[in-house]
Amino acid sequence: MNKGYDTNIEEAVADAKRKDKDKDKKKKRSWNYEKEILRLQVEIAHLQAWVKKSGARIVIIFEGRDAAGKGGMIKRITEKVSPRVFRVIALPAPTDREKSQIYMQRYITHLPAAGEVVIFDRSWYNRPGVDRVMGFTSEKKAERFLELAPRFEAAIVESGIILLKYFLTVSEEEQERRFKRRIDDPLRQWKLSPMDVESYQRWWDYTKAYDAMLRMTDSNHAPWWIVPSDDKKQARINCISHILQSIPYERVKFEAPDLGKRQKRPGGYVEDQSVRHVVPDVTAR
């Protein structure tokens with residue numbers, strides 16, 4: 001018998017066993033993730049009830065590397081709650097009028113009123129990040145922003161707003177893998193913008209800018225919380241858990257409404273016979 005042939009068979013069997021074990025682990029982990037994310041979303045619903053009743057005002061800022069998973073994180077937070085309570089703000093490039101305003105002005109208008117949670121999908125930290133790296137603002141203005149931001153955030157916190165800041169990190173290798181996946185997947189291609197390509201090519205320019213941003217704007221009243229995000233599912237569980245632990249909410253008892261009785265069909269009612277356009281049932285084909 002050929003010993004080399006036997007060795008190849010043994011290696012193939014061992015490799016197959018490893019793959020089966022990894023599949024089982026992924027299946028188990030996926031089930032655990034779905035169970036845990038649902039539990040956290042139930043808690044977010046309780047948080048929503050408390051925010052509405054107490055009149056609390058909350059701001060949550062998400063910054064981070066491109067392809068680090070900010071959009072997925074925000075989606076998991078907001079998909080089971082009311083958009084009238086949880087407002088997501090993702091501002092486009094400023095208009096000519098907005099460029100003439102005080103920099104913080106267009107962000108201030110989106111700060112929460114009583115009973116609101118505002119989530120910034122990128123925020124005023126555009127200035128020391130992408131604006132600085134891409135030359136959309138001067139070095140002088142970026143440095144001045146870093147000096148003033150902690151004072152601006154101190155005023156926000158002193159007004160009674162709960163302010164939470166999260167920075168999602170991702171490794172070079174994982175970011176490249178996600179970008180390539182976007183290129184190959186038609187459902188993700190819209191996520192890959194020219195700015196994403198720039199952020200990929202200028203990794204170290206962004207690294208230096210983010211290092212300065214985090215160092216100069218981390219404060220006792222508004223600290224930065226770093227979220228390692230090479231594993232998206234783990235990042236979501238960790239970050240959402242931290243958000244819930246950081247807000248002193250209480251469960252509000254739900255007062256179930258009395259539906260009462262539905263009115264009876266009027267005796268003289270005749271169904272309307274005019275032509276109506278009904279969506280075809282494609283499932284019946």
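Residues numbered from 1 in each chain as written. Predicted model: local features only at pLDDT ≥ 70, side-chain atom pairs only at ≥ 80, totals over all residues. Heavy atoms only, no water.

The protein is annotated in an unreviewed UniProt entry as ADP/GDP-polyphosphate phosphotransferase of Rhizobium esperanzae. As stated in UniProt under Subunit (unreviewed entry), the record for the protein gives "Homotetramer." Under Catalytic activity (unreviewed entry), UniProt gives the following word-for-word description of the protein: "[phosphate](n) + ATP = [phosphate](n+1) + ADP". (UniProt positions renumbered as here; feature names shortened; annotations may be inferred.)

**Considering the overall build of the protein**
Per the secondary structure count, the protein includes 10 helices and 5 strands. In terms of overall dimensions, the protein is more spread out than a globule: its C-alpha atoms have a radius of gyration of 25 Å, far above the 19 Å expected for 285 residues. Principal-axis analysis of the C-alpha atoms places the extent of the protein at approximately 90 × 65 × 45 Å. For the protein, buried positions account for 39% of its 285 residues. In the protein, 77% of the contacts between residues at least 6 apart in sequence involve partners at least 24 apart. Within the structure as shown, the protein displays about 19000 Å² of accessible surface, and the carbon and sulfur contribution to it stands at 53%. (Helix = DSSP H or I, 4+ residues; strand = E, 2+ residues; numbered from the N terminus. Rg over C-alpha atoms; globule rule 2.2 N^0.38 Å. Buried < 20%, exposed > 50% of the residue type's maximum accessible area, 1.4 Å probe, protein only. Contact = heavy atoms within 4.5 Å. Areas by Shrake-Rupley, 256 points an atom, 1.4 Å probe, with all protein chains shown as cover.)

**Topic: the sheet that holds strand 1 (residues 57-64)**
Taken together, the 5 strands give an open sheet; going across it, the order is 2-3-1-4-5, and neighbouring strands pair in parallel fashion. Edge positions in the sheet fall to strand 2 (86-89) and strand 5 (224-228), since each has one partner strand and no second. Taking each pair of neighbouring strands and ignoring which way they run, the sheet shows an average axis angle of 20°. In the sheet, strand 2 pairs with strand 3 (residues 116-121) via 4 bridges, with the strands oriented parallel. Bridge pairing in strand 3 places Val88 opposite Ile119. Lying over the sheet, helix 2 (residues 70-78) contacts strand 1, strand 2, strand 3, strand 4 (162-169) and strand 5, oriented at roughly 155° with respect to strand 1. (Pairing = 2+ DSSP bridges. Axes fitted to C-alpha atoms, helices over the stretch in contact; angles between N-to-C directions.)

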